[in-house]
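Structural description and commentary
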Amino acid sequence: MLILENVSKSYDGKKYAVDNLSLEISKGEIFGFVGPNGAGKTTTIRMITGILSPTKGRITINGRDISDKPIEAKRNFTYVPDHPEIFKSIRGIDYLNFIADMYEVPVDVRRERIEKFTRDFEIYDDLTRPINSYSHGMKQKLLISGALIPDPNLFILDEPLSGLDPRSARILKDIMRYHCENGGTVFFSSHILEVVENLCDRVAIINRGKLIACDTLENIKRNKDKTLEDIFLELTDNE
């Protein structure tokens with residue numbers, strides 16, 4: 001579903017923010033992507049989504065190269081960024097319809113999905129209000145609802161639980177698991193290691209732009225009685 005082959009990114013032509021990163025994420029998998037601040041997580045995600053171009057390497061999504069066939073590749077995923085940057089002067093419902101238009105979601109289908117997800121996240125009654133009147137958490141819920149409406153093959157989520165109340169966070173985690181059980185894929189970055197540990201099928205740890213671990217949690221632990229947080233701190237301290 002998602003393949004990164006020897007991907008690197010340099011902003012100045014000298015130092016690499018991401019250095020020779022290779023990953024392969026399969027259909028039906030929740031894949032956790034973690035690392036310290038400045039490790040290269042967001043740069044990696046921006047390359048996957050086509051916001052940034054790799055300095056070296058290749059990224060394919062469902063067989064489509066994000067650099068060579070960006071539109072075809074982007075039809076296979078939706079993206080929730082780490083900060084809810086969003087059109088602030090329009091209404092919530094206008095934003096959701098815009099996303100549905102971009103992914104060519106039929107009117108009857110979008111209407112049903114908009115009502116379902118915005119009721120689940122308790123923002124349905126606020127959709128006629130301008131987005132600049134929303135709280136941080138409401139903007140995050142709107143972004144997530146918009147990402148769910150096209151029902152894409154791949155969800156790319158960068159710190160999606162930021163700003164969510166516990167009930168909404170639980171709903172999102174249930175949706176992620178349901179999506180993968182039905183053949184979808186989730187690429188999920190978070191600093192909340194307990195959530196990653198409990199939710200993800202495999203985990204990759206990146207530090208200083210380099211991949212330092214990628215496997216199931218059980219294999220990363222090597223049968224040691226440790227949490228993901230213990231392993232993460234041990235590996236990144238050694239680096």
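The protein chain is annotated in an unreviewed UniProt entry as ABC transporter related from Halothermothrix orenii.

Turning to the overall build of the protein chain, a few remarks are in order. Counting its regular elements, the protein chain contains 9 helices and 10 strands. Its C-alpha atoms put the protein chain at 50 × 40 × 30 Å along the principal axes. Considering the protein chain as a whole, with its 239 residues, one finds that 49% of them fall into the buried category. Here the analysis covers contacts within the protein chain between residues at least 6 apart in sequence; of these, 67% occur between residues at least 24 apart. Counting 33 positive and 37 negative side-chain charges, the protein chain places the averaged centre of each group 4 Å from the other.

Next up on the list: unusual backbone geometry. Non-glycine residue asparagine 20 carries a positive phi angle of around 55 degrees. Of note, asparagine 20 is situated in strand β2 (residues 16-25). Non-glycine residue aspartate 151 carries a positive phi angle of around 50 degrees. Topologically, aspartate 151 is positioned in the loop between α5 (136-148) and β7 (154-158). Looking at aspartate 151, the relative accessible area reads 45%, which means it is partly exposed.

What follows is about the layout of surface pockets. Space inside the largest pocket adds up to approximately 740 Å³. Every residue lining the largest pocket is counted, 23 residues in all, and those nearest its centre are Tyr79, Tyr95, Phe98, Ile99 and Tyr103. Taken together, the elements giving at least two residues each to the lining of the largest pocket come down to α2 (70-74), β6 (77-80), α3 (92-102) and α5. Considering each element in turn, the lining of the largest pocket owes the most residues, 4 residues, to α3.

The next point concerns the pairing of strand β3 (residues 30-34). Regular strands place side chains that alternate from one sheet face to the opposite one. Summarising burial for β3: 5 of the 5 residues are buried, a large majority. Neither face of β3 is exposed, since Ile30, Gly32 and Val34 on one face and Phe31 and Phe33 on the opposite face are all buried. Where β3 lies against strand β8 (residues 185-189), 4 bridges are found, and the strand directions are parallel. Each bridged residue has a counterpart across the sheet, and for glycine 32 the counterpart in β8 is phenylalanine 188.

The rules behind these values
- Residues numbered from 1 in each chain as written.
- Predicted model: local features only at pLDDT ≥ 70, side-chain atom pairs only at ≥ 80, totals over all residues.
- Heavy atoms only, no water.
- Helix = DSSP H or I, 4+ residues; strand = E, 2+ residues; numbered from the N terminus.
- Buried < 20%, exposed > 50% of the residue type's maximum accessible area, 1.4 Å probe, protein only.
- Contact = heavy atoms within 4.5 Å.
- Lys, Arg positive; Asp, Glu negative; His and termini not counted.
- Charge placed at Lys NZ, Arg CZ, Asp CG, Glu CD.
- 1 Å grid on protein atoms, 1.4 Å probe; cavity = no way out; pocket = protein on both sides within 12 Å on 5 of 7 lines; lining within 4 Å.
- Points joined across faces, edges and corners; volume = space filled by probe spheres on them.
- Pairing = 2+ DSSP bridges.

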